Amino acid sequence: MPSLSRPLGVLCLLLSLSIGAPVAQAQDAGQGGTLRQRLIERWLERKAGRDEAKLPPAETASGQAITTPGDHRFTLSVGGRQRSYLLHVPRAVQGGQPLPLLVALHGGGGSARMMADDGNYGLVSASEQHGFVVVFPNGISKISSGALATWNAGRCCGAARDEGVDDVGFIRTVVGQVQGMLPIDRQRIYATGMSNGGMMAQRLACEAADVFRAIASVAGTDNTSSCSPSRPIAVLHIHAKDDPHVLFNGGAGGFRDESKVTDFTSVPETIRRWVGRDRCSATPRNVLSRPGASCERYTGCAGGVQVQLCVTDTGGHSWPGTTKSAPGKEGPSQAIRANDVIWDFFQGL
């Protein structure tokens, strides 16, 4: 009789994928064995079919102005690949003033749909609260729903890295299209991301500082192969001390196939690199201290930028301040709300 452990393991993983938090489970799903991955892919395809009716119809960006709030889904061809992104336009667009733009990047093994789900990350609600446009690009995926997607963040991750996908070029194109449709404040364009998406935000800071004023990474360290920003850029990094996947002190933990990821750069080394690149003062000052979390900020940087590190004691590989947790996994830290910390950092520049 076949063992029940594998089917039960797959079921638990599917349940974690269905709620979308923490992204480590989705990221891990993309690295599994062939049988396991086929089962997950079939389930995701079926779920994508059910979810299709909830999404806006696919559009091709025409440059025509968007003047009303709402949600959009766009497809485009970049580098010979068909790519896509979701776009949320807040009510603030009706004021007619240029709005900030946030590019939000899902974790490896996730999708734009997962990142845009307000029950997972709350970024659509934050968009409405603070009046910024938010765009959710999709990484590359081998399945039609776009799930189990990855980003080429340098030394990580998966097929995007292995195939040398030009994700920097893709995201530049997305930003350009959104600017052609909406009144975007070019001085307030930001990027954020979770895990592999956070690593991609780090790469954007290295290679697209002419576009982005600042980036914020959650649980995704700097794993670029080289980094020479065209100008100083502000960087916020948020990480849990007990992250079991992108280890705080470096290394990959908890992945079934480590060849799909990398020996991750540590959090201290990531911050050391950015302090050096931005030519900041060597000694940070504490800007937040509360039970379970602390933040320190490096100032005196070139171009008036800042580098900030926020550390939570617990929360594992997740987005602080959210509430959903996967079966058998520790829930996100509630000591801080990542969305509030990120937006306060951006607005303080």
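Nothing here was measured: the structure is a model prediction, and the numbers come from that model.

**Let's talk about the pattern of salt bridges**
For step 1, the next point in the chain: In total, this model carries 14 salt bridges according to the counting rule given.
For step 2, the next point in the chain: Notably, a salt bridge pairs R203 with E207, separated by 2.7 Å at the nearest N-O pair. Residue R203 and its partner E207 are both found in helix 8 (residues 196-207); the two are separated by 4 residues, about one turn of the helix.
For step 3, the next point in the chain: Residue classification places R203 among the buried residues on the basis of a relative accessible area of 17%.

**A closer look at the sheet that holds strand 11 (residues 307-312)**
Hydrogen bonding along the main chain pairs the strands of a sheet, whether they run parallel or antiparallel.
For step 1, the next point in the chain: In spatial order, the strands read 1-2-3-5-4-6-7-8-11-10-9; together these 11 strands make up an open sheet with mixed pairing. A strand with exactly one partner marks an edge of an open sheet, and here the two such strands are strand 1 (58-59) and strand 9 (285-290).
For step 2, the next point in the chain: Note that strand 4 (residues 99-105) and strand 6 (residues 184-194) share 6 bridges and pair parallel. Opposite L99, over in strand 6, you have I184 as the bridge partner.
For step 3, the next point in the chain: Its contacts with the sheet put helix 9 (residues 267-277) on strand 8 (234-240), strand 10 (293-298) and strand 11, and the angle it makes with strand 11 is roughly 165°.

**Overview of the side chain of T312**
For step 1, the next point in the chain: Relative to the assigned elements, T312 resides in strand 11.
For step 2, the next point in the chain: A distance of 2.9 Å separates a polar atom in the side chain of T312 from the backbone oxygen of T314.
For step 3, the next point in the chain: Beyond its immediate sequence surroundings of up to four residues, T312 is in contact with H239, A240, K241, G292, A293, P320, S333 and I336.

**Re the state of the cysteines**
In protein structure, a disulfide is the covalent linkage between the sulfur atoms of two cysteines.
For step 1, the next point in the chain: Evaluated as defined, the whole model comprises 4 disulfides.
For step 2, the next point in the chain: Between C156 and C157 runs a disulfide, and the two sulfur atoms are separated by 1.4 Å. With the S-S bond torsion at 80°, the cross-link from C156 to C157 turns out right-handed.
For step 3, the next point in the chain: Taking relative accessible area as the criterion, C157 reaches 1% and is therefore assigned buried.

**A word on the packing of helix 8 against helix 9**
For step 1, the next point in the chain: Interhelical geometry of helix 8 versus helix 9 gives an angle of 20° and a closest axis separation of 13 Å. Classified by the angle between their axes, helix 8 and helix 9 sit roughly parallel to one another. Here the hand of the crossing between helix 8 and helix 9 comes out left-handed. Counted together, Q202, A205 and C206 of helix 8 and T270, W274 and R277 of helix 9 form the full contact between these two elements.
For step 2, the next point in the chain: Grouping the constituent residues of the contact of helix 8 with helix 9 by class yields 3 nonpolar, 2 polar and 1 charged.

**Concerning the environment of K142**
For step 1, the next point in the chain: Locating K142 in the fold gives a position in the loop between strand 5 (133-137) and helix 6 (158-162).
For step 2, the next point in the chain: Separated by 17 residues in sequence, K142 and A159 place their C-alpha atoms 8.7 Å apart.
For step 3, the next point in the chain: Not counting the four nearest positions on each side in its chain, K142 is found in contact with A159 and E163.
For step 4, the next point in the chain: A polar contact of 3.2 Å, which involves the side chain of K142, links it to the side chain of E163.

**Quick notes on helix 5 (residues 123-130)**
Note: α-helices contain 3.6 residues per turn, so residues at a spacing of three or four share the same orientation.
For step 1, the next point in the chain: The complete set of buried residues in helix 5 reads L123, V124, A126 and S127. Mapping the buried residues of helix 5 onto a view down its axis gives an arc of 160°, with all of them on the same face.
For step 2, the next point in the chain: Those residues of helix 5 that are buried are in contact with strand 3 (81-89), strand 4, helix 4 (112-116), strand 5 and helix 10 (338-347).
For step 3, the next point in the chain: Just downstream of helix 5, G131 is the residue with a positive phi angle, here 75°.

The rules behind these values
- Residues numbered from 1 in each chain as written.
- Predicted model: local features only at pLDDT ≥ 70, side-chain atom pairs only at ≥ 80, totals over all residues.
- Heavy atoms only, no water.
- Salt bridge = Lys/Arg side-chain N within 4 Å of Asp/Glu carboxyl O.
- Helix = DSSP H or I, 4+ residues; strand = E, 2+ residues; numbered from the N terminus.
- Buried < 20%, exposed > 50% of the residue type's maximum accessible area, 1.4 Å probe, protein only.
- Pairing = 2+ DSSP bridges.
- Contact = heavy atoms within 4.5 Å.
- Axes fitted to C-alpha atoms, helices over the stretch in contact; angles between N-to-C directions.
- Polar contact = N/O pair within 3.5 Å; in protein donor to acceptor, adjacent residues only side chain to side chain.
- Disulfide = S-S within 2.5 Å.
- Parallel < 35°, antiparallel > 145°, perpendicular 65-115°, else oblique.
- Left-handed = near helix turned anticlockwise from the far one by under 90°.
- Nonpolar A, V, L, I, M, F, W, Y, C, P; charged D, E, K, R; others polar.
- Arc of directions from axis to C-beta.

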